[in-house]
Amino acid sequence: MVSVPAKARRGAAIEIKTLISHPMETGYRVGPNGAMIPRDIIRLFTCTYNGEEVFRAELSPAIAANPFLSFFTTALESGTLMFRWTGDGGFEATHTAEIAVE
Amino acid sequence: MPEPPTPQPSRRVFLRRTAALAAGAVALRPGAKARATPEAMRQAIREVLGEAEAHPGKVTLDIPALVENGNAVPLTVSVESPMSEEDHVKAIHVFNEKNPQPHVISVMLGPRGGRARVATRIKLADSQQVVAIAEISDGSFWSGSADVIVTLAACVEDLQ
């Protein structure tokens, strides 16, 4: 789930909020069968703005389940923001949002 | 998140668990689990800093001082910066003292960042200090910290 303002003034700092469903299993917990539950986390989140990377986050198991991230970027031109999450076990998710800059 | 129903453990599973428990009791002190230490955190910070020193200041951590549940603790890190081409925050790194690993998150920003403020939710395994290090475009490092008291720990709680 991603929240991006649909419209912004040129040069304004806009806040982007992202939330994704994921267990963020730490790899330090013991499961019901007595064995360690393997680590399963999102390791990397990136946001590109018309193809240019404007934000990147490297996550450790200490990020809570269903990772929430909010950050700012400058609205420079109308276009597409692309969000990408990648992680353990080949996890990959993407989302795009359009922004109109006037 | 709902857990699948636990089947009745068979005798074999019971024996295996007992053996594992006995082995564990020999290998570890009771209750001793993988934990980072303040020393491990200092080392992790040292890897980020290299030869440089972090100056206290410019970095603000907004995190509750008292947390009931360590599984999802809201954290906002802000850095005083004009976020211009000449003077901007390049990266923010967050560390903790007592989770199994000292590293929490690293974010890379740039002059297009607009505002050097990042928010997320983190897990805390114990009452401890959380430290954030900001790397500025001029090569300097700044740090801020916050102490958090946690009553219900996260990260290593077992499902049994």
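Parameters at a glance
- Residues numbered from 1 in each chain as written.
- Chains lettered and ligands numbered in written order.
- Predicted model: local features only at pLDDT ≥ 70, side-chain atom pairs only at ≥ 80, totals over all residues.
- Helix = DSSP H or I, 4+ residues; strand = E, 2+ residues; numbered from the N terminus.
- Rg over C-alpha atoms; globule rule 2.2 N^0.38 Å.
- Buried ≥ 20, exposed ≤ 12 C-beta atoms within 10 Å, placed from the backbone.
- Contact = placed C-beta atoms within 7 Å.
- Pairing = 2+ DSSP bridges.
- Nonpolar A, V, L, I, M, F, W, Y, C, P; charged D, E, K, R; others polar.
- pLDDT = per-residue confidence, 0-100.
- Core = buried A, V, L, I, M, F, W, Y, C linked by C-beta atoms within 7 Å.

Draft legend 1. Geometry of the overall build of chain A. Scanning chain A for helices and strands turns up 0 helices and 8 strands. The order of α-helices and β-strands along chain A, N terminus first, is β-β-β-β-β-β-β-β. Taken over C-alpha atoms, the radius of gyration comes to 16 Å for chain A, far larger than the 13 Å a tight globule of 102 residues would show. Considering only C-alpha atoms, chain A reaches an extent of 60 × 20 × 15 Å along its principal axes. Out of the 102 residues belonging to chain A, those deemed buried represent 31%. Restricting the contact set of chain A to residue pairs at least 6 apart, pairs at least 24 apart contribute 60%.

Draft legend 2. Representation of the sheet that holds strand 1 (residues 2–3) of chain A within the structure. With respect to topology, 6 strands assemble into an open sheet ordered 1(A)-3(A)-6(A)-7(B)-4(B)-2(B), the strand pairing being antiparallel. For this open sheet the edge positions go to strand 1 of chain A together with strand 2 (59–62) of chain B, each flanked by a neighbour on one side alone. Bridging between strand 6 (residues 68–74) of chain A and strand 7 (residues 117–122) of chain B involves 2 bridges; their strand directions are antiparallel. By the bridge assignment, Ser70 of chain A is partnered in strand 7 of chain B with Ala119 of chain B.

Draft legend 3. Here's a closer look at the interface of chain B and chain A. Between chain B and chain A, the contact holds 38 residues from the first and 30 residues from the second. Sorting the residues of the side of chain B that touches chain A by element identifies helix 1 (11–27), strand 6 (103–108) and strand 7 of chain B as the ones contributing at least two each. A breakdown of the residues in the side of chain B that touches chain A according to their chemical character gives 17 nonpolar, 12 polar and 9 charged.

Draft legend 4. The arrangement of the pairing of strand 7 of chain B in detail. For strand 4 (residues 73–79) of chain B and strand 7 of chain B, the ladder comprises 6 bridges, and the chain directions are antiparallel. When the bridges of strand 7 of chain B are listed, Val77 of chain B appears paired with Val118 of chain B.

Draft legend 5. Geometry of the confidence of the model for chain B. All names here are of chain B. The predicted model of chain B averages 83 in pLDDT, with 77% of residues at 70 or higher. Model confidence for chain B, summarised as mean pLDDT per element, is weakest for helix 1 at 53 and strongest for strand 7 at 97. The low-confidence segment residues 23–32 (pLDDT under 50) makes 1 contact with residues lying over four places distant or belonging to another chain. Interface scoring of the predicted complex returns ipTM 0.93; its pTM is 0.83.

Draft legend 6. Here's a closer look at the nonpolar core. All names here are of chain B. Membership of the largest hydrophobic core comes to 58 residues, with the highest contact counts inside it found for Ile92, Val94, Leu124, Ala132 and Ala134. If you tally residues by element for this core, the top one is strand 8 (residues 128–136), at 5 residues. Ignoring anything within four residues of it in the chain, the contact list for Leu124 reads Val67, Gly70, Val73, Asn96, Asn99, Val148, Val150 and Ala154.

Draft legend 7. Molecular detail of the environment of Ile37 of chain A. Residues and elements named next belong to chain A. Relative to the assigned elements, Ile37 resides in the loop between strand 3 (13–19) and strand 4 (42–49). Look at Ile37 and you get partly exposed, because 17 C-beta atoms sit within 10 Å. Linking Ile37 and Gly51, residues 14 residues apart in sequence, is a C-alpha distance of 37 Å. What Ile37 contacts, discounting residues up to four positions off in sequence, is Glu25, Arg29 and Gly31.

Draft legend 8. Representation of the environment of Arg9 of chain A. Residues and elements named next belong to chain A. Relative to the assigned elements, Arg9 resides in the loop between strand 2 (7–8) and strand 3. Accessibility expressed as a C-beta count within 10 Å gives 10 for Arg9, which makes it exposed. As for Arg9 and Gly34, which are separated by 25 residues in sequence, their C-alpha atoms are 56 Å apart. If we skip the residues at most four places from it in the chain, Arg9 touches Ala75 and Glu102.

Draft legend 9. Representation of the pairing of strand 8 of chain B within the structure. Residue and element names in this part refer to chain B. Counting buried residues in strand 8 gives 7 out of 9 residues, a clear majority hidden from the surface. With 7 bridges connecting them, strand 5 (residues 89–96) and strand 8 associate as antiparallel partners. Bridged to Val89 within strand 8 is Ile136. Pairing of strand 8 with strand 9 (residues 141–152) involves 8 bridges; the strand directions are antiparallel.

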